[in-house]
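Breakdown of the fold
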Amino acid sequence: MSEFKKSEINIEVVTDENRVPEGITWSAEDGNIYKEDAKALMLSVWDSKSQETLRIDLWTKDMPVDEMKKFFHQTLVSMSDTFNRATQDEKMTATMKDFCDYFAEKLEITQK
């Protein structure tokens, strides 16, 4: 019988009196990450029963707009890579990548 390994990823959010995030930290023991600061996060969870995506989108009040634009762009690029790995749909992946390029161009984001 194989033994299962359990991993945890922890997210801590500190808010002000209006419940606006002031600080976000995350930890992942398997990645040797402990209470690393973050300015924003997007978490999506698929609920198979209800056939819908549940989401948590948070960003600190001091997250600069230019960084938010880069965060969105890099998230979109990552999503297209994940879509390709999950579906092997090269045609749609290319379409998604084209949109990512368009998004970066319109927002004048320097791509790396």
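Residues numbered from 1 in each chain as written. Predicted model: local features only at pLDDT ≥ 70, side-chain atom pairs only at ≥ 80, totals over all residues. Heavy atoms only, no water.

The chain is annotated in an unreviewed UniProt entry as Protein involved in gliding motility GldC of Salegentibacter salegens.

Across its full length, the chain carries 2 helices and 5 strands. Along its sequence from the N terminus, the chain presents helices and strands in the succession β-β-β-β-β-α-α. For 112 residues, the compact-globule formula gives about 13 Å, and the C-alpha radius of gyration of the chain, at 17 Å, lies well above that figure. Considered along the principal axes of its C-alpha atoms, the chain spans approximately 50 × 40 × 30 Å. Each of the 112 residues in the chain was classed as buried or not, and the buried ones make up 18%. Element-wise, carbon and sulfur atoms account for 53% of the exposed surface of the chain, whose accessible area totals about 9,400 Å². With 15 positive and 23 negative side-chain charges, the chain shows a spacing of 2 Å between the two charge centroids. (Helix = DSSP H or I, 4+ residues; strand = E, 2+ residues; numbered from the N terminus. Rg over C-alpha atoms; globule rule 2.2 N^0.38 Å. Buried < 20%, exposed > 50% of the residue type's maximum accessible area, 1.4 Å probe, protein only. Areas by Shrake-Rupley, 256 points an atom, 1.4 Å probe, with all protein chains shown as cover. Lys, Arg positive; Asp, Glu negative; His and termini not counted. Charge placed at Lys NZ, Arg CZ, Asp CG, Glu CD.)

Moving on: the environment of I109. Structurally, the position occupied by I109 is in the segment after helix 2 (90-106). Separated by 12 residues in sequence, I109 and K97 place their C-alpha atoms 15 Å apart. Among residues more than four places away in sequence, those in contact with I109 are K69, K70, H73, F103 and A104. (Contact = heavy atoms within 4.5 Å.)

Helix length check: helix 1 (residues 65-87), at 23 residues, gives a terminal C-alpha distance of 33 Å against a target of 33 Å (1.5 Å per residue), a fit within 8%. Within the span of helix 1, buried status applies to M68, H73, T75 and S80. In the core, the buried residues of helix 1 are packed alongside strand 4 (40-47), strand 5 (52-59) and helix 2. Downstream of helix 1 by one or two residues, Q88 has phi in the positive range, about 55 degrees. (Expected span 1.5 Å × (residues − 1).)

So, about the pattern of salt bridges. In this structure the tally under the stated criterion is 8 salt bridges. For K6, the salt bridge goes to E8, with nearest N and O atoms at 3.9 Å. In this structure, D57 and R55 form a salt bridge, with 2.1 Å as the shortest nitrogen-oxygen distance. Taking relative accessible area as the criterion, D57 reaches 29% and is therefore assigned partly exposed. Using a relative accessible area of 57% as the deciding quantity, one classes R55 as exposed. Each of D16, E22 and K61 takes part in one network of salt bridges that share partners. (Salt bridge = Lys/Arg side-chain N within 4 Å of Asp/Glu carboxyl O.)

Here we take up the environment of W26. Its location among the elements puts W26 in strand 2 (residues 21-28). When its relative accessible area of 32% is taken as the criterion, W26 is described as partly exposed. Distance in space between the C-alpha atoms of W26 and E12 is 6.2 Å, their sequence separation being 14 residues. Those residues in contact with W26, other than ones at most four positions away along the chain, are I9, N10, I11, I33, Y34, K35, E36 and A38.

Okay, helix 2 next. Compared with an ideal rise of 1.5 Å per residue, which puts 17 residues at 24 Å, helix 2 spans 24 Å between its outermost C-alpha atoms and is within 8% of the ideal. Listed as buried for helix 2 are T93, C100, F103 and A104. The buried residues of helix 2 all sit within an arc of 95 degrees when viewed along its axis, so they share a single face. Pointing more than 90 degrees away from the buried face of helix 2 are the exposed residues K91, D98, E105 and K106. (Arc of directions from axis to C-beta.)

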